[in-house]
Amino acid sequence: MSNSSKHRVPPYRRPLIVGGFLLLVAVIGIVTVLIFKNLNPTSTTEPDSSRPGTSVTKPDDDAPGTDDRPTEPPLEDKAPSYEGEDPNTLGELTGVIVYKDIDPETSTLHSAVSINQYLSADGQCIYNLKRGDAILRTASAVATPDVTTSVCGPFNLSVDGLDSGVYQIEVIVTGDDKRGVITDEVTI
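Here goes a summary of the coordinates provided. (Residues numbered from 1 in each chain as written. Predicted model: local features only at pLDDT ≥ 70, side-chain atom pairs only at ≥ 80, totals over all residues. Heavy atoms only, no water.)

### Overview of the state of the cysteines
Line of reasoning, step 1. Evaluation of the coordinates by the stated rule reveals one disulfide.
Line of reasoning, step 2. Between cysteine 125 and cysteine 152 runs a disulfide, and the two sulfur atoms are separated by 1.6 Å. As the torsion about the S-S bond is roughly 55°, the cysteine 125-cysteine 152 disulfide counts as right-handed. Of this pair, cysteine 125 sits in strand 3 (residues 123-131) while cysteine 152 sits in strand 5 (residues 150-158), placing them 27 residues apart in sequence. Summarising the burial analysis for this pair, cysteine 125 and cysteine 152 share the class buried. (Disulfide = S-S within 2.5 Å. Helix = DSSP H or I, 4+ residues; strand = E, 2+ residues; numbered from the N terminus. Buried < 20%, exposed > 50% of the residue type's maximum accessible area, 1.4 Å probe, protein only.)

### Side note on the side chain of threonine 108
Line of reasoning, step 1. Turning to its location among the elements, threonine 108 is positioned in strand 2 (residues 108-115).
Line of reasoning, step 2. A residue is classified by how much of its surface remains accessible, and threonine 108, at 14% relative accessible area, is buried.
Line of reasoning, step 3. In terms of polar contacts, threonine 108 uses its side chain to reach the side chain of threonine 106, at 3.1 Å.
Line of reasoning, step 4. The residues contacting threonine 108, other than those within four sequence positions of it, are Asp101, Ile102, Asp103, Asn156, Leu157, Ser158 and Val159. (Polar contact = N/O pair within 3.5 Å; in protein donor to acceptor, adjacent residues only side chain to side chain. Contact = heavy atoms within 4.5 Å.)

### Looking at the pairing of strand 2
Line of reasoning, step 1. Most of strand 2 sits out of view: seven of its eight residues are buried.
Line of reasoning, step 2. When strand 1 (residues 95-103) meets strand 2, the two strands line up antiparallel, connected through eight bridges. Bridge assignment links glycine 95 to a residue of strand 2, and that residue is isoleucine 115.
Line of reasoning, step 3. Remark: four residues form the turn of the hairpin made by strand 1 and strand 2, two consecutive strands paired antiparallel; serine 107 in that turn has positive phi of roughly 50°.
Line of reasoning, step 4. Where strand 2 lies against strand 5, seven bridges are found, and the strand directions are antiparallel. Considered in strand 5, the bridge of threonine 108 is made with serine 158. (Pairing = 2+ DSSP bridges.)

Here it is in structure tokens:
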């Protein structure tokens, strides 16, 4: 008997391997079809007005609320836009508080800040939680450069013992010989 007639897989296992492979290919194909089908949720079917009992009405183009264009959020909710202007050339640092979540289990305010400018070296952020003019909690973090912007945080401030209500957030940002103040509010 020669070595060429010996197989690594016994004959009784060959159909299992081939069948398993075909099953795997079929499952991958089905999953791929389902994924691509769900990526395009728009429907190309329109209501059929030729069937009895159905009617299709088209909205009046001049009626309020029938505009298909997306509505813009209120101006105060929009991030600053620097169309045609490089934010890195501004004389002050600007940014936005990315998130400000209260963890009720630990009575902790979790927050982070995004700075619109790229800092060429590390800067500093001082995060103040205020009510009126009184600073109740404070934390500091290094402002680190990111790809085209900079970031500060995360900040974790205890809100234990503070009364419920609206508090002001003031973040003083310094870096690259510039300074800026980012403000927001949080409800505890």
